[in-house]
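One-letter residues, chain by chain:
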Protein chains: 2
Amino acid sequence: MAARKRASADSTREPKLQEDTQRKPTSDESSIAPPKLGVILKLSLFLLVPYFYLVFHHYKIDKELKKPILINAALSLAGYFITIKLIPVASRRSLRRNLFGKDINKKGTPHGDVQVPESLGVVVGTVFMVLAFFFQYFNFTADSNEYFVPLNCAFTFTCFMVPPPHPMVGKRRFGNLQMEWLVEYYAALATICFMLFLGFLDDVFDLPWRSRKLILPSFATLALLMAYAGHTTIVIPKPLIPYVGLEILDLGWIYKLYMFLLAIFCTNSINIHAGINGLEVGQTVVISAAILIHNIMQIGVSKDAEYKQAHAFSIYLVQPLLATSLGLLSYNWYPSSVFVGDTYTYFAGMTLAVVGILGHYSETLLIFFAPQVLNFLLSLPQLSGYIPCPRHRLPRFDPQTGLLTGTNDGTLVNLFLRWFGRMSEKSLCIYLLVFQAIACGFCFLLRYFLAGWYK
Amino acid sequence: MAARKRASADSTREPKLQEDTQRKPTSDESSIAPPKLGVILKLSLFLLVPYFYLVFHHYKIDKELKKPILINAALSLAGYFITIKLIPVASRRSLRRNLFGKDINKKGTPHGDVQVPESLGVVVGTVFMVLAFFFQYFNFTADSNEYFVPLNCAFTFTCFMVPPPHPMVGKRRFGNLQMEWLVEYYAALATICFMLFLGFLDDVFDLPWRSRKLILPSFATLALLMAYAGHTTIVIPKPLIPYVGLEILDLGWIYKLYMFLLAIFCTNSINIHAGINGLEVGQTVVISAAILIHNIMQIGVSKDAEYKQAHAFSIYLVQPLLATSLGLLSYNWYPSSVFVGDTYTYFAGMTLAVVGILGHYSETLLIFFAPQVLNFLLSLPQLSGYIPCPRHRLPRFDPQTGLLTGTNDGTLVNLFLRWFGRMSEKSLCIYLLVFQAIACGFCFLLRYFLAGWYK
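Criteria and thresholds
- Residues numbered from 1 in each chain as written.
- Chains lettered and ligands numbered in written order.
- Predicted model: local features only at pLDDT ≥ 70, side-chain atom pairs only at ≥ 80, totals over all residues.
- Heavy atoms only, no water.
- Helix = DSSP H or I, 4+ residues; strand = E, 2+ residues; numbered from the N terminus.
- Buried < 20%, exposed > 50% of the residue type's maximum accessible area, 1.4 Å probe, protein only.
- Contact = heavy atoms within 4.5 Å.
- Areas by Shrake-Rupley, 256 points an atom, 1.4 Å probe, with all protein chains shown as cover.
- Patch = residues over 30% accessible without salt bridge, like charges linked within 9 Å, V, L, I, M, F, W, Y side chains within 5 Å.
- Salt bridge = Lys/Arg side-chain N within 4 Å of Asp/Glu carboxyl O.
- Core = buried A, V, L, I, M, F, W, Y, C linked by side-chain atoms within 4.5 Å.
- Expected span 1.5 Å × (residues − 1).
- Polar contact = N/O pair within 3.5 Å; in protein donor to acceptor, adjacent residues only side chain to side chain.
- Axes fitted to C-alpha atoms, helices over the stretch in contact; angles between N-to-C directions.
- Parallel < 35°, antiparallel > 145°, perpendicular 65-115°, else oblique.
- Nonpolar A, V, L, I, M, F, W, Y, C, P; charged D, E, K, R; others polar.
- Bend = angle between axes of the 7 residues up to and from the residue.
- Left-handed = near helix turned anticlockwise from the far one by under 90°.
- Disulfide = S-S within 2.5 Å.
- Phe/Tyr/Trp six-rings, centres within 6.5 Å; stacked < 30°, edge-to-face > 60°.
- pLDDT = per-residue confidence, 0-100.

## Examining the overall build of chain A
Assigned secondary structure in chain A consists of 16 helices and six strands. A burial count over chain A gives 60% of its 455 residues as buried. Nonlocal contacts in chain A, meaning residues at least 24 apart in sequence, comprise 75% of its contacts between residues at least 6 apart. As presented, chain A carries roughly 17100 Å² of accessible surface, and 68% of it is formed by carbon and sulfur atoms.

## Observations regarding a nonpolar patch on the surface
On the surface, A:Leu240, A:Tyr243, A:Val244 and A:Leu246 cluster together into a nonpolar patch covering about 410 Å² of accessible area. Here A:Leu246 lies in the loop between α8 (241-244) and β4 (248-250).

## Re the pattern of salt bridges
Residue and element names in this part refer to chain A. Scanning the model with the defined rule gives four salt bridges over all chains in all. Measuring nitrogen to oxygen at the nearest pair gives 3.4 Å for the salt bridge that ties Asp-398 to Arg-422. Of the two residues, Asp-398 is situated in strand β5 (residues 396-398) and Arg-422 in the loop between α15 (412-420) and α16 (425-454); the sequence distance between them amounts to 24 residues. Taking relative accessible area as the criterion, Asp-398 reaches 22% and is therefore assigned partly exposed.

## Focus: the side chain of B:Ser91
Mapping B:Ser91 onto the fold places it in helix α3 (residues 63-96). Contacts of B:Ser91, omitting those with residues within four sequence positions, involve B:Ile32, B:Pro117, B:Leu120 and B:Val338.

## With respect to the nonpolar core
Among the nonpolar cores identified, the biggest contains 254 residues, and A:Phe200 and B:Phe200 are the most heavily contacted of them. With residues near it in sequence (within four places) discarded, B:Phe200 still touches A:Phe197, A:Phe200, A:Leu201, A:Val204, A:Phe205, B:Leu99, B:Ser119, B:Val122 and B:Thr343.

## Let's talk about the environment of A:Leu380
Residue position: A:Leu380 is located in helix α14 (residues 370-383). Sequence separation of A:Leu380 and A:Pro239 is 141 residues, and the distance between their C-alpha atoms is 34 Å.

## Things to note about helix α10 (residues 279-301) of chain B
Here α10(B) is 23 residues long and its end C-alpha atoms lie 33 Å apart, about the 33 Å a rise of 1.5 Å per residue gives. The buried count for α10(B) comes to 20 of 23 residues, which makes it a mostly enclosed element.

## Digging into the side chain of B:Thr345
All names here are of chain B. Secondary-structure assignment places Thr-345 in helix α12 (residues 341-358). Here Thr-345 falls in the buried class, since its relative accessible area comes to 2%. Reaching out from Thr-345, the side chain makes a polar contact with the backbone oxygen of Asp-342 at a distance of 3.3 Å. What Thr-345 contacts, discounting residues up to four positions off in sequence, is Thr-267, Ile-270, Asn-271 and Glu-280.

## Observations concerning the packing of helix α9 (residues 253-272) of chain A against α14(A)
All names here are of chain A. It is the contact of α9 with α14, at a shortest axis distance of 10 Å, that shows an interaxial angle of 80 degrees. What the angle tells us is that α9 and α14 run roughly perpendicular. For the pair α9 and α14, contact is made by Phe-265, Ser-269 and Ile-272 and by Gln-372, Val-373, Asn-375, Phe-376, Ser-379 and Leu-383, respectively. Residues that form the contact of α9 with α14 fall into these classes: five nonpolar, four polar and no charged.

## Structural notes on the environment of B:His311
Tracing the sequence through the fold places B:His311 in helix α11 (residues 305-332). Aside from chain neighbours lying at most four places away, what touches B:His311 is B:His294, B:Asn295, B:Gln298, B:Ile299, B:Gly359 and B:Tyr361.

## Quick word on helix α14 (residues 370-383) of chain B
Residue and element names in this part refer to chain B. Over its 14 residues, α14 runs 18 Å from end to end, which matches the ideal 20 Å to within 8%, given 1.5 Å per residue. Maximal helix bending in α14 amounts to about 30 degrees, located at Leu-377; proline Pro-381 follows within four positions. For α14, every residue scored as buried is listed here: Pro-371, Gln-372, Asn-375, Ser-379 and Gln-382. With its phi angle positive at about 90 degrees, Gly-385 sits one or two positions after the end of α14.

## What about the packing of α10(B) against α11(B)?
How two helices sit against one another is set out by the angle between their axes and by the gap between those axes. Residue and element names in this part refer to chain B. Relative to each other, α10 and α11 sit at 155 degrees, their axes nearing to 8 Å. Regarding the angle of α10 to α11, the classification is roughly antiparallel. When the axes of α10 and α11 are compared, the crossing they make is left-handed. In the contact of α10 with α11, the residues fall into 16 nonpolar, 11 polar and two charged.

## Description of unusual backbone geometry
With an omega of -15 degrees, the peptide bond running from A:Tyr334 to A:Pro335 counts as cis. Residue placement: A:Pro335 occurs in the loop between α11 (305-332) and α12 (341-358). Residue A:Ser119 is not a glycine yet carries a positive backbone phi of 65 degrees. You can call A:Ser119 buried: its relative accessible area is 1%. The backbone of B:Asp206 sits at a positive phi, close to 50 degrees, despite the residue not being glycine. Relative to the elements of secondary structure, B:Asp206 occurs in the loop between α6 (176-205) and α7 (209-227).

## Things to note about the state of the cysteines
Residue and element names in this part refer to chain A. The tally for this structure, following the rule as stated, stands at zero disulfides over all chains. For the unlinked cysteine Cys-443, the closest cysteine sulfur is that of Cys-440, found at 7.2 Å. Judged by its relative accessible area of 0%, Cys-443 is buried.

## Observations regarding the packing of aromatic side chains
Enumeration according to the criterion identifies 43 aromatic pairs over all chains in this entry. Taken together, a centroid distance of 5.1 Å and an interplanar angle of 70 degrees make the contact between B:Tyr80 and B:Phe81 edge-to-face. You can call B:Tyr80 buried: its relative accessible area is 13%. The rings of A:Phe133, A:Phe194, A:Phe197, A:Phe200, A:Phe205, B:Phe133, B:Phe194, B:Phe197, B:Phe200 and B:Phe205 are connected pair by pair, giving a single aromatic cluster.

## A look at the confidence of the model for chain A
Residue and element names in this part refer to chain A. The pLDDT averaged across chain A works out to 78; a share of 82% of its residues lies at or above 70. The secondary structure element of chain A with the lowest average pLDDT is helix α5 (residues 153-158), at 30, and the one with the highest is helix α10 (residues 279-301), at 93. Every residue in residues 1-29 scores below 50 in pLDDT, and together they form 71 contacts with partners more than four places removed in sequence or on other chains. Across residues 141-174, where pLDDT falls below 50, the model places 91 contacts with residues more than four positions away in sequence or in other chains. Our summary of model confidence lists the complex with pTM equal to 0.84 and ipTM equal to 0.84.

## Quick notes on the environment of A:Thr83
All names here are of chain A. Summarising the element assignment, Thr-83 is placed in helix α3 (residues 63-96). Sequence separation of Thr-83 and Phe-128 is 45 residues, and the distance between their C-alpha atoms is 9.3 Å. In this structure the side chain of Thr-83 is engaged in a polar contact, spanning 2.6 Å, whose partner is the backbone oxygen of Gly-79.

Structure, rendered in structure tokens:
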């Protein structure tokens, strides 16, 4: 603004000069490659057709619940297009600020010298937050204690104006259950937004390891745990009831501690299962689709209004996450024209943790995260410092053949290369995403077979 | 992290080389000047003694309300020290990332060549958010419908575990009023955090004018307006009642529109009343202190539990803002060793708007903002494009005398220089802050004289 003292002109002049000298040969690079919409279309069909089949055909979802889900889906679709539109704009600004990376897995090829804009997760995060704020206009405003009633803007505005105590003063009270959901919704948004901010801070300031991994997500999780009004109990599997002497065990603060650790795990696990074009966003997309299918199945079979709401709540946050992530993936798919940054991995991880916790299906979420758990276990010796840990634990790239070879670093990426042999980066990403999808499918099978026995 | 592809080493190597060549003469500059704690002590005494006199001596505040206020004050004090500790660390990272500015008002002197780290508002914002998340442990957890009951951590943890419907399943419900406050508290945090994120995004990406000023704050305000469960009425001044025929007029959505515009105004007004070392933070500190005094006066004289809560709510957010801002001011006071960035001005402006709206004293807030309103009116011809608007509307600095001369640009800063003659940057800042304090004092007088007549 006019009166700001920041010498933006000075501070950007130097990077610009640098750009002029270094990036002249790639001056048309400032307009990044177009989005790979074909890949996204195929992936969306594969992931979303089952979901919408369940929503529209397989289950009879109450109209009161179906309407906000579809409004949310429409908003998410808009979010997808906005994300696609905004990413090239943000990319240019990112490069101008020296926020770029070079693709290590393409070193030695012309692609390896390109400055790829970093931290494009900011676009996804911003669009997601705006969608989430907007969505309130269509929800959470009725007085009902039984279910959400979708409302249009006009009514949302007027419903605040009815005055009970004094003829013209006062305010309409929400129903108690409604209010509980509002508390959780805003707490979720505050938590997710704080993690988004901290992720971006990490991308810009390159924060030290410890604060990045452990301290920062802990703070963001605080709001979430305080808002959590759900149970702290676990159901004892039927065969074990005679031995334990209880059907349900209240774990109290131990359950809260478990949720706390879960949030920290989810936030970091996407961040460390990375390093291949499209993998960070791809795994989020696959997990999100699985969550949506799980949610709609639970809504479809349950009779309990509150239980249905918990899963609807999850849908309201996961649909925008999935849609905006697909927008980002269209640029981040192999060969990546943008990188997602810690901004994205932290934001996506925390959002998934939040919906798992507030939707009360954290155990299911952990099975969806099986590849991440495996990757974490493989990484443990290096992360704990038992085995020396290099800065990048990436496979070795051979610029002659364009293939990757697995190293001995303990990551799932390297394990796959050691198991299945050398392959291209794109194939490896597809293998890993298929594995993610298999883990999700396995979770559904497990739930199906154990349901009768377990509960 | 190990598997991240971002070529941090590459991307930071160039700026570092640049630093080596450019900043060698000022290599000890990486450790910024120590905080000016003497100034802060004097300012704190002047602003906070009246406040704590009212809290401890003048009014008899209920113990149930006094305790959380004091817990919050203790947390805020801790936040002050943490901010002071973190700013030098963040400054180094800021410089490394080329986030710096040069002080235009010192051009031509050795001070004018120093690279001053930018966007240190991120520290204030982060510490504020963590304090706000922490504070929930001590509040908002009781079942009472009448007032807040401060609780310690242990009880907060256990109070979630009591199960009503099934012997061991279920959850404890909050009281309805309590819940309403929780909704507003989290909505406030989500709004403030989103604005903080967008401010930092602006500092890093240098967003275009329109999105910065109007679009971004609008989105952040959405959450706030949706959560606002307060009245939408105005009290008709007594002498006008016979003419209007109503004691209270319900403005409905017009009132919501007013709050929306207020939030956008507050967010931008601190940003454009700037350009002098210490002014952005200084005005926030003065306004915050005035708000605290207003809040405690209202709590002291009122008998209405809900009204008291609204003002206590405001205190819970303003105390941490004031404390962390004082920490920042100790480095930002003349001569500034750090700049605050849009991160800070947007964050502080939005926080003040949020407490004014949710505390239901937005009219009083507007009088506290009188200098900002005046500055906005003076700026209007240039902001609207009626008169050409340069990038910086700063006074002219004379390196020989070290004094500033007012230009014809329409800002309060220039108006003061034209009125009171040439003066040093430090004196000008003190003049402007005293004017801010006078405006706040005038507001108290106005309230005192009009109270009987107006309501």
